[in-house]
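Chain and residue survey
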2 protein chains.
Amino acid sequence: MTGNSSSSSRPLRNVLFIMCDQLRADYLSCYGHPRLHTPNIDALAARGVRFDRAYVQGSVCGASRMSTYTGRYVSTHGAMWNFVPLSVGQKTLGEHLRPHGVRCSLVGKTHVEADLEGAKRLGIDVSQGEGRLAMEGGFEPYARDDGIWPPGFKVSGNAYCDWLRERGYESDNPWHDFANSGRGPNGEILSGWQMRWADKPAAIEEPHSETPYTTDRAIDFMKEAGDTPWVLHLSYIKPHWPYVVPAPYHEMFGPDDVQPAVRSEAERQNAHPVLEGFRRDTASESFSRDEVRRTVIPTYMGLVKQVDDQLGRLFAFMRAQCLDRETLVVFTSDHGDYLGDHWLGEKELFHEPIVRVPLIVADPRAEANATRGTVSDALVECIDIVPTVLQALGIERPSQWLEGESLLPLVHAHDGAKGKEFVVCENSYAFRDAVRLPIGQPVDRCHMTMLRDARWKFVHFEDLPPMLFDLESDPQELVDLGRDPAHAAVREQMLARLFAWLRARHRFPTIAPAAIEAWNRREREAGILIGAW
Amino acid sequence: MTGNSSSSSRPLRNVLFIMCDQLRADYLSCYGHPRLHTPNIDALAARGVRFDRAYVQGSVCGASRMSTYTGRYVSTHGAMWNFVPLSVGQKTLGEHLRPHGVRCSLVGKTHVEADLEGAKRLGIDVSQGEGRLAMEGGFEPYARDDGIWPPGFKVSGNAYCDWLRERGYESDNPWHDFANSGRGPNGEILSGWQMRWADKPAAIEEPHSETPYTTDRAIDFMKEAGDTPWVLHLSYIKPHWPYVVPAPYHEMFGPDDVQPAVRSEAERQNAHPVLEGFRRDTASESFSRDEVRRTVIPTYMGLVKQVDDQLGRLFAFMRAQCLDRETLVVFTSDHGDYLGDHWLGEKELFHEPIVRVPLIVADPRAEANATRGTVSDALVECIDIVPTVLQALGIERPSQWLEGESLLPLVHAHDGAKGKEFVVCENSYAFRDAVRLPIGQPVDRCHMTMLRDARWKFVHFEDLPPMLFDLESDPQELVDLGRDPAHAAVREQMLARLFAWLRARHRFPTIAPAAIEAWNRREREAGILIGAW
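Residues numbered from 1 in each chain as written. Chains lettered and ligands numbered in written order. Predicted model: local features only at pLDDT ≥ 70, side-chain atom pairs only at ≥ 80, totals over all residues. Heavy atoms only, no water.

1. Description of the overall build of chain A
The following threshold applies: Put simply, DSSP H or I for four residues or longer makes a helix, DSSP E for two residues or longer makes a strand, and each gets a number counted from the N terminus. Computation of the radius of gyration draws on C-alpha atoms alone. For the globule rule, the value is 2.2 Å times the number of residues to the power 0.38. Relative accessibility under 20% of the residue-type maximum defines a buried residue, over 50% an exposed one, and the middle range a partly exposed one, all with a 1.4 Å probe and only protein chains included. Whether two residues touch is decided by their heavy atoms; if any such pair falls within 4.5 Å, the residues are in contact. Residue burial considers only the protein chains on display, and all accessible areas are found by Shrake-Rupley using a 1.4 Å probe. Within this scheme the basic residues Lys and Arg register as positive and the acidic residues Asp and Glu register as negative, but His and the chain ends are omitted. Each charge is placed at NZ for Lys, CZ for Arg, CG for Asp and CD for Glu.
Within chain A, the secondary structure is distributed over 19 helices and 14 strands. For 533 residues, the compact-globule estimate of 2.2 N^0.38 gives 24 Å, and the C-alpha radius of gyration of chain A, at 23 Å, lies within 12% of that figure. A principal-axis box enclosing the C-alpha atoms of chain A has dimensions of 95 × 65 × 50 Å. Evaluated residue by residue, chain A yields a buried proportion of 66% over its 533 residues. Once local pairs closer than 6 in sequence are excluded, the contacts in chain A between residues at least 24 apart make up 74%. Approximately 18,200 Å² of chain A is accessible, and the part contributed by carbon and sulfur atoms is 49%. Side-chain charges in chain A split into 59 positive and 74 negative, and the spacing between the mean points of these groups amounts to 2 Å.

Following this line, the structure appears as structure tokens:
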């Protein structure tokens, strides 16, 4: 990405950085969903730029989010999958912001796993101060809630669960038993962890469910924030499973609103062994059945609709407080959901429903007027969000850390501003025995790397053939050309790009380019002249 | 490297890990020097295995040492050159040892640059405890001394300088003015920073010079260490420049002992632009003159001879204390010195005089009897030292961190034990304006990577042709085949290896392979079943 910097712009005061979990781009009306109307997110797109080809850097929550929070690819930050600690050696958005007097707070989910081994090794006090914040991925946890406690789990110390109990939802695990379960005819709990109950309303009053609760906390934060500039990461757990939503959202959509699955019988013949492995997964087997799709997808749509309604409430509050004039808004997701496409459930691989996410950037400044309401087809990545946030606030780019590029040149329509030649997403199937063991791969040879350019999508595997899709002739990605002799040259070109990309990783974050450039002068000034006769 | 583990061996108590600075392998008699007799190092080789093809991972001190101390390649640990901080995210030998009750202490030089920015970001107390040790690269600084204060520098707080002052060497910078300078006819200081004075004796009594002082501290450490197992990193600053040595070492060798420079006129024709750049360096221009070589090299030899004599004293002390029976001894260097070979001075590039270093491993246990006094031509690397040390002490290998392989299977002559297919060394010319600016490269495109297998040495540059040497037909590396059309296939093979090597970097150090393997079981036990109907 090139283009002039926007450093001459008046810096903004705040950033609202909204993320959904497991939200596919195509489940918003501004991205083309024919039945699910999301007027508030669409209105945000009308105020900003909607990026039509935005990609995540990891295809599971943890890896993707750590990329988005560090501005670095998964191979660079090293948190390769869910529940893998983010090394103390990584610098996050909050750590870039705080020295500039900007508060960086969290409402909702991050999936950050603390590097407690690293903290112990370095004698870091994780109970307070910088050490505590580092264990939170650099976010001040104003209201952290990562959710996902299985049925029967005794939840203690969670603010949302305590808040539910105060409102009479008495249980060891009110998150599961009320917010994420329905009720049977005899009052029995119908757990959302079983998808057959997805069409039942959650056993909770709508304002008490996760999405309104999370929105309330964001409003609380804005009310309390005062004069300190802030970046608020508002991070909804939904529409991530368990697929359960309270009334009336549980019945807003029905089987008729479910779009046909993108899949073909031919896809199942001679499939790539890793793809075959993921198709053996429970979620894939479930979502391959029409009954499951007809039951679950309307609820998934209801969850998205609820997010949209809550964002409408939040945006109205911000307008009433005049916060909208001083605040950059970024809206995105951490990855999508197969929902049965390609005979798959959940995520982990690299088809468009997973790696392509919504990304909207709304800049209230006059410099962005020319692009308001436009759609950009530039290839962009979620690692571009950190540099965008820093530039919007007038903070100099820490080049040695950031692998993303600010989106503001595109938003400000600078001459020459353009997207990337290709985008990258990574994942590992090391954690999935059902995939790994039949192939016989050791855990350290399970890394997968996707490169996608304007036409081609290429996925590299160790010791296995690649995948290749021609998105021009096959936009639904139904024909894997990874072993097709006619496409050897394309694969070679993509391999060469992967090689160059790997060499360009920011492996040296402890020294800034400017410090390197100044080295010879500093050496001379220090009187160091080596090898003189 | 393969072979059975030596985990069944009785663990050793201690490790003495000796490093010289800027010592070429071929300046020891056991490695073939015809005039420089080093009987004490030769005797160590006779007690152990002398590795004839051992390579450093960086071609300057800082990067090389950080690889040796972390067991990780430069691209992995990120300290790309001298004075580049070692990230707090990196785990060092000492940090691997201490949780097992093993002390890891330093006498001498490490060149570790503290990651103070990282420490501040994480709220680490660098004045004490783990934080302080982390800033020392994981070593307990029993007697740290990195040397290298330019003439005129006011040295304060340095133990060696204070020790010299106590002995009457009164000066702001007694390190420079006495240990590293001679005297003229009128008592004037003849600075060792000017190589023309290299043949003058240092203005210091020999027992007060750096190498005996450092050896004294190592003996002090061993006397005081008591019953706690230890790893002592005894790290001599010498024979690194300033090339000055006290009497009688200054006159032990003369111009007749100087070996001919390895260089040819043809080498200067159509040379690689990076090589040309380094030849414009002051040290290269000086060492290209015979007068300089005749003056400096005898002193370099004297410095090596002094190290050998001091090691004789240390080994005698250890024998007298019976420490030799319980102590693994490793001897190596951080890189070599061109000394005029290839029309170059100093280091930074990848010819054998720089990247090939002495490496001797002496294991007192019976398992090593079969290899005592033998020479191994296995390709090995200095990142193999950390895993060797850990295995010798019976500590389980932390695979997610270590990129090296233990040398003990070779030392214990296990079936199938062998060296590596190729070794790797990296450097950057970003810090050298005289090289970089004429080429017009930005600082982030100056990384160089060498791969050397049994026959070929290949050096990859960004945006420039590679270098290629056939070590079988051209062991002196006088003919660069990097642009020779007849060798395109070899270059392709080396590029493919570099690509595979990059993909195999240990990018995910915060999770152990065993934890990944156990993931599915833990998930089931936690009651997490995703996507069930």
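2. A short note on the relation of the copies chain A and chain B
Selection criterion: Alignment of the copies relies on least squares applied to C-alpha atoms, considering only residues that score at least 70 for pLDDT in both.
Mapping chain A onto chain B leaves a residual RMSD of 0.0 Å; the transformation is a rotation of 180° accompanied by 0.0 Å of translation along its axis. The superposition of one copy onto the other is thereby described by a two-fold rotation axis. For chain A, the residue whose C-alpha comes nearest the rotation axis is A:G89, separated from it by 1.8 Å. Taken as a fraction of all interface residues of chain A, those also at the interface in chain B reach 100%, which identifies the copy contact as same-surface.

3. Examining the packing of helix α1 (residues 39–47) of chain B against helix α12 (residues 290–320) of chain B
Residue and element names in this part refer to chain B. Which entries qualify depends on this criterion: Note on geometry: axes are C-alpha line fits, over the in-contact stretch for helices, and angles between N-to-C directions span 0 to 180 degrees. What sets the label is the angle itself: under 35 degrees gives roughly parallel, over 145 gives roughly antiparallel, 65 to 115 gives roughly perpendicular, and the rest give oblique. Each residue is assigned to one class: nonpolar for Ala, Val, Leu, Ile, Met, Phe, Trp, Tyr, Cys and Pro, charged for Asp, Glu, Lys and Arg, and polar for all the others, Gly among them.
Contact geometry of α1 with α12 gives a least axis separation of 7 Å together with a crossing angle of 55°. The angle between α1 and α12 falls in the class oblique. Contacts between α1 and α12 pair P39, N40, I41, L44 and R47 from the former with K305, D308, D309, L311, G312, F315 and R319 from the latter. In the contact of α1 with α12, the residues fall into 5 nonpolar, 2 polar and 5 charged.

4. Quick notes on the sheet that holds strand β14 (residues 467–470) of chain B
Residues and elements named next belong to chain B. Quick note on the threshold: Should DSSP find at least two bridges between two strands, the strands are taken to pair.
Strand order in the open sheet formed by 4 strands is β11-β12-β13-β14, and the pairing between neighbours is antiparallel. Unpaired on one side and paired on the other, β11 (422–428) and β14 mark the two borders of the sheet. Strand-to-strand, the axes of this sheet are offset by a mean angle of 10°, without reference to chain direction. Taken together, the 5 bridges between strand β12 (residues 447–453) and strand β13 (residues 456–461) define a ladder with antiparallel strand orientation. Note that in β13 the partner of L451 across the bridge is F458.

5. A short note on the pattern of salt bridges
Residue and element names in this part refer to chain A. Here is the rule: A pair is scored as a salt bridge if a Lys or Arg side-chain nitrogen falls within 4 Å of a carboxyl oxygen belonging to Asp or Glu.
For the coordinates displayed, the defined rule picks out 90 salt bridges over all chains. The partner of R165 in a salt bridge is D162, with the nearest N and O atoms 2.8 Å apart. Here R165 and its partner D162 are both found in helix α7 (residues 159–166), 3 residues apart, which amounts to about one turn of the helix. Exposure remark for D162: the relative accessible area of 32% places this residue in the partly exposed category. When the shortest N-O distance is used, the salt bridge between K457 and E352 registers 2.7 Å. One end of the pair, K457, is in strand β13 (residues 456–461); the other, E352, is in helix α13 (residues 352–355), and 105 residues separate them in sequence. Salt bridges sharing partners connect three or more residues here, namely D21, R65, K109 and D334.

6. Details of the UniProt feature "domain: Sulfatase N-terminal" (unreviewed entry) in chain A
Residue and element names in this part refer to chain A. For clarity, the cut-off: UniProt positions are given in the numbering used here, feature names are shortened, and annotations may be inferred rather than shown by experiment.
According to UniProt, the "domain: Sulfatase N-terminal" (unreviewed entry) feature falls on residues 13–115 and 162–395. Secondary structure across residues 13–115 divides into 27% helix and 19% strand, with the first and last C-alpha atoms of the span separated by 31 Å. For the annotated span residues 162–395, helix accounts for 35% and strand for 15% of the residues, and the straight-line distance between the end C-alpha atoms is 38 Å.

7. Side note on the environment of A:N40
Residues and elements named next belong to chain A. Its location among the elements puts N40 in helix α1 (residues 39–47). Here N40 falls in the partly exposed class, since its relative accessible area comes to 22%. Separated by 137 residues in sequence, N40 and D177 place their C-alpha atoms 30 Å apart.

8. What about helix α14 (residues 385–392) of chain A?
Residue and element names in this part refer to chain A. Most of α14 is tucked away: 8 of the 8 residues are buried. Along α14, the residues that are buried comprise I385, V386, P387, T388, V389, L390, Q391 and A392. Following α14 by one or two positions, G394 adopts a phi angle in the positive range, close to 80°.

9. Considering the interface of chain A and chain B
To keep it simple, the criterion reads: Reported buried area values correspond to the accessible surface (1.4 Å probe) lost by two parts on association, with both partners' losses combined. Under this definition, polar contacts are N or O atom pairs within 3.5 Å; protein pairs additionally need one hydrogen-donor-capable and one acceptor-capable atom, and for neighbouring residues in sequence, both atoms have to be side-chain atoms.
In this complex, chain A contributes 72 residues to the contact, which on the side of chain B involves 72 residues. Together chain A and chain B conceal approximately 6,900 Å² of surface at their shared face, both sides included; 62% is due to carbon and sulfur atoms. Where chain A packs against chain B, one counts 8 salt bridges. Here A:R503 ties to B:E462 by a salt bridge, and the two come within 2.6 Å at their closest N and O atoms. On the surface where chain A and chain B come into contact, there are 26 residue pairs in polar contact (both at pLDDT 80 or more). The dominant element in the side of chain A that touches chain B, judged by the number of residues it contributes, is helix α17 (residues 488–503) of chain A, at 5 residues. Class assignment of the residues belonging to the side of chain A that touches chain B gives a composition of 35 nonpolar, 17 polar and 20 charged.

10. Remarks on the packing of aromatic side chains
Put simply, the test is: Two aromatic rings, drawn from Phe, Tyr or Trp (for Trp, its six-membered ring), form a pair once their centres lie within 6.5 Å of each other, and the interplanar angle then sorts them: stacked below 30 degrees, edge-to-face above 60, tilted otherwise. Either the NZ atom of lysine or the CZ atom of arginine qualifies as a charge over a ring when it sits within 6 Å of the ring centre and within 35 degrees of the ring normal.
In this structure the tally under the stated criterion is 37 aromatic pairs over all chains. Arranged with centres 4.6 Å apart and planes meeting at 45°, the rings of B:Y160 and B:Y213 form a pair that is tilted. Of this pair, B:Y160 sits in helix α7 (residues 159–166) while B:Y213 is found in helix α9 (residues 210–224), placing the two residues 53 residues apart along the sequence. Three or more aromatic residues joined by ring pairs form one cluster here, namely A:Y27, A:Y243, A:F287 and A:Y300. One Lys or Arg, B:R263, reaches over the ring of B:W343 and ends 4.3 Å from the middle of that ring.

11. Comments concerning the side chain of B:S406
Residue and element names in this part refer to chain B. Along the polypeptide, S406 turns up in the loop between α14 (385–392) and α15 (408–411). Overall, the relative accessible area of 11% leaves S406 in the buried class. In this structure the side chain of S406 is engaged in a polar contact, spanning 2.4 Å, whose partner is the side chain of Q391.

12. With respect to the packing of α9(B) against α12(B)
Residue and element names in this part refer to chain B. This is how it is decided: Definitions for this section: a left-handed crossing has its near helix turned counterclockwise from the far helix by less than a right angle. A right-handed crossing has that turn clockwise.
Relative orientation of the contacting elements α9 and α12 amounts to 15°, with a least axis distance of 9 Å. Between α9 and α12, the interaxial angle falls into the category roughly parallel. Considering only the axes of α9 and α12, their crossing is right-handed. Packed against α9, whose contacting residues are T211, P212, T215, D216, A218, I219, M222 and K223, the element α12 presents Q306, V307, Q310, R313, L314, F317 and M318 at the interface. For the contact of α9 with α12, a count of residues per class yields 8 nonpolar, 4 polar and 3 charged.

13. Details of the confidence of the model for chain A
Spelled out, the test is: Residue-level confidence of the predictor is summarised by pLDDT, bounded by 0 at the bottom and 100 at the top.
This prediction gives chain A a mean pLDDT of 96; 98% of its residues lie at or above 70. In the predicted complex, the global pTM is 0.96; the interface-specific ipTM is 0.95.

14. Some words on the sheet that holds strand β2 (residues 49–55) of chain A
Residue and element names in this part refer to chain A. Reading across the sheet, the 8 strands line up as β4-β3-β7-β1-β8-β9-β2-β10 and stay open at both edges, with mixed pairing between neighbours. Among the strands making up the open sheet, the edge pair consists of β4 (140–144) and β10 (374–381). Averaged over all pairs of adjacent strands, the angle between their axes in this sheet comes to 20°, without regard to strand direction. Strand direction decides the pairing type here: strand β3 (residues 103–108) and β4, joined by 3 bridges, are parallel. Of the residues in β4, the one forming a bridge with S105 is E140. Together, β2, β8 (327–333) and β9 (356–362) form the strand contacts of α1, whose direction differs from that of β9 by roughly 55°.

15. Focus on the pairing of strand β3 (residues 103–108) of chain B
All names here are of chain B. Of all 6 residues in β3, 5 are buried; the element is thus mostly enclosed. Two strands pair when backbone bridges link them, and β3 and strand β7 (residues 230–239) are joined in this way by 6 bridges, in the parallel orientation. Looking at the pairing, G108 lines up with S235 of β7.

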